[in-house]
Structures are given as C-alpha cells and as structure tokens.
Amino acid sequence: MSVTELDLLIQNVVLAQGETCRFRQENLQVLRWETYSPEEVLSFQQKPIDHIWERCVCHVTEAIQYIVEFAKRLSGFMELNPNDQIVLLKAGAMEVLLIRMSRAFNCYNSTVFFEGKYAPLEIFQSLGCSDLIGSMFDLCHSLCALNLSEHEMAFISSMILLDPSRPWLQDKQKVEILHKKLDHAFRYLLRTSLRESILTKLPQKGRLLSICQLHMEKLNIFRQMYPGIACERFPPLYKELFI
Ligand SMILES: CCS(=O)(=O)c1ccc(CC(=O)Nc2nc(-c3ccccc3)c(C(=O)c3ccccc3CC(C)C)s2)cc1
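Just so it is clear, the model here is predicted, and its values are computed rather than measured.

(A) Region of interest: unusual backbone geometry. Positive phi, normally seen in glycine, also occurs at Asn-147, with a value near 50°. Summarising the element assignment, Asn-147 is placed in the loop between helix 6 (130-146) and helix 7 (150-161). Accessibility expressed as a relative area gives 62% for Asn-147, which makes it exposed.

(B) Quick look at the sheet that holds strand 1 (residues 105-106). If you trace the 3 strands from one edge of the open sheet to the other, you get 1-2-3, paired in antiparallel fashion. Whereas interior strands pair on both sides, the edge strands pair on one side only; in this sheet they are strand 1 and strand 3 (117-120).

(C) How the structure looks around the pairing of strand 3. Where strand 2 (residues 111-114) and strand 3 come together, 4 bridges link them in antiparallel fashion. Within the sheet, the bridge partner assigned to Val-112 lies in strand 3 and is Ala-119.

(D) Highlighting the site of the ligand. Near the ligand there are 21 residues, and of these Phe-23, Cys-56, Arg-103, Phe-113 and Met-136 occur at the shortest range. Interatomic distance of 2.8 Å between a backbone N/O atom of Phe-113 and a nitrogen atom of the ligand. Burial of the ligand by the protein chains amounts to 97% of its free accessible area of 780 Å². Residue composition of the shell around the ligand, by class: 17 nonpolar, 1 polar and 3 charged.

(E) Looking closely at the pattern of salt bridges. Summed over all chains, the structure comprises 16 salt bridges. A salt bridge links Lys-117 to Glu-40, with the nearest nitrogen and oxygen atoms 3.0 Å apart. In this pair, Lys-117 sits in strand 3 while Glu-40 sits in helix 3 (residues 38-45), placing the two residues 77 residues apart along the sequence. You can call Lys-117 partly exposed: its relative accessible area is 25%. One salt bridge connects Lys-72 with Glu-69, and the closest N-O pair in it is separated by 3.4 Å.

Rules used in this analysis
Residues numbered from 1 in each chain as written. Predicted model: local features only at pLDDT ≥ 70, side-chain atom pairs only at ≥ 80, totals over all residues. Heavy atoms only, no water. Helix = DSSP H or I, 4+ residues; strand = E, 2+ residues; numbered from the N terminus. Buried < 20%, exposed > 50% of the residue type's maximum accessible area, 1.4 Å probe, protein only. Pairing = 2+ DSSP bridges. Near = heavy atom within 4 Å. Polar contact = N/O pair within 3.5 Å; in protein donor to acceptor, adjacent residues only side chain to side chain. Areas by Shrake-Rupley, 256 points an atom, 1.4 Å probe, with all protein chains shown as cover. Nonpolar A, V, L, I, M, F, W, Y, C, P; charged D, E, K, R; others polar. Salt bridge = Lys/Arg side-chain N within 4 Å of Asp/Glu carboxyl O.

This is a description of form; function is not addressed.
See below:
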C-alpha cells in the first residue's frame, strides 16, 4: 500500500468513528463527575428486573445502530455480499460496543455513563447478571489503562468488525484483504505515533468473545424467566442480532 492509500484508509476509518458515536469523547469527559446519588442508585436497585433489562436493551440497541452505521462507512464493507455484512455485524457488533463503552467509563471511580449520569456497578444489580457486568467493568478498566485515542479505538473497532475468521462467511478472501489493509494502516499509525507498545496489551479476542457469550447466556436466562417481554418489548434489531 502506498502512503497516500494508507492515509486515505486512516482518514476513512477515523471519520467513520467520529461520525458514528452518539457522544463525543470530550462530552463524556465533561460529565464524568456527574454521578448518581446513593438514593438514586437505591431507586434503580428497587426497580423490577424486567424493567431494567428493557431499558438496558434499548440503550444497547441504540448504540448498536450507530455501530451498524460505522460498519457501512468503512471502505469495502458495502461492497461485501449482504450475507457477509450481516454475518460480520451479528458476530462483531457487541464486541465493538464493549470497546466503545470504555469511552464512557470513569476508571477513577469505576462508573459508566448511563441515562445521563455516571453509574456505579451496583446500579445494575437488579439485572441479575453481576458476573457479566463485573467482567465488563474489568474490561473497561483495562481499556482505560491503555488510554486509547479515538484513532486507535476506530481501528480496533474496524478490525473487530472486518474479521475474516468469523464463521459462515461466504467470501472470506474479500474480508481478509480488507482486514490486512486495516492491519497495515493501524501499524503505520501506531509507528508514526510511537504507540506500537499497545499492540501486546490490547484485549485478546477470546476475552471479548467470552463477555459476549456471557451476555447471550444472561439474555437466555432472562427470556426463560420472562418469555413474553423479550418477544414483545425488545427492539427488532436486538432480537435479530441476539435472539
Ligand atoms: C457506546 C457509544 S458512546 O457514544 O460512547 C455511549 C452512548 C450511550 C451511552 C449511555 C448508555 O447506553 N450506557 C450504557 N451502559 C451500559 C453498561 C451496562 C453495564 C456495564 C457497562 C455499561 C449499558 C448496557 O445496558 C450494556 C452495555 C453493553 C453490554 C451489556 C449491557 C447490559 C446488558 C444487560 C444489555 S447502556 C454511553 C456511551
């Protein structure tokens, strides 16, 4: 790849990220000391499990809609066959959400931006999935420790989505070519910004996968407990991706 090709690809990925995040990094930073009071945390904890699940699923669905937009703007994604576009989004959207959520995480007081203020882990107590929430907070802590830039997060997200090793891909080679170009451009970006050291510290694929599997497990448990809710009250996109 020529330097201009590399620069064009970097521009494409960084622009795609910048245009498809609901909140800008600086806006999330400004708000990060706006935390819920103990009384507010308590009132969240007293809400019934189905009520909190439905609210979280709606927020997750909204965030994933932005991630679908991100994928569509990545050069080459729309040229893939429609089946492979769905396969990549079904497999990668939640993993990208986990990476993106770390932008909304305050690692100094272990709170995450949720419904307008920063919330402690306890607020999600009534969801009944403390292991899932705990592992997400741990992941956010490790990502915060890397102090990733928007550019780096954009490339990590694009390479999660355009992963040629996803099962059921029909045109694997096409995804491989895109992934190789992204990898090349990402390394070029890291080299020029003297940030190559983060490559060995990025979360392993297995770690993201296991948190996504935990999410699926908890979702299935919830569905068994409240069969009506998931079908009637969960957004179609969430059902399409996870049910
Ligand atoms: C992500 C793009 S952004 O513009 O930065 C952005 C945009 C919008 C927000 C506000 C927001 O929706 N925050 C939410 N936080 C959490 C959360 C919850 C537990 C720990 C950590 C974060 C939400 C979830 O419900 C969640 C998210 C990911 C996987 C799993 C779940 C819960 C399961 C039960 C569905 S929604 C924050 C940040």
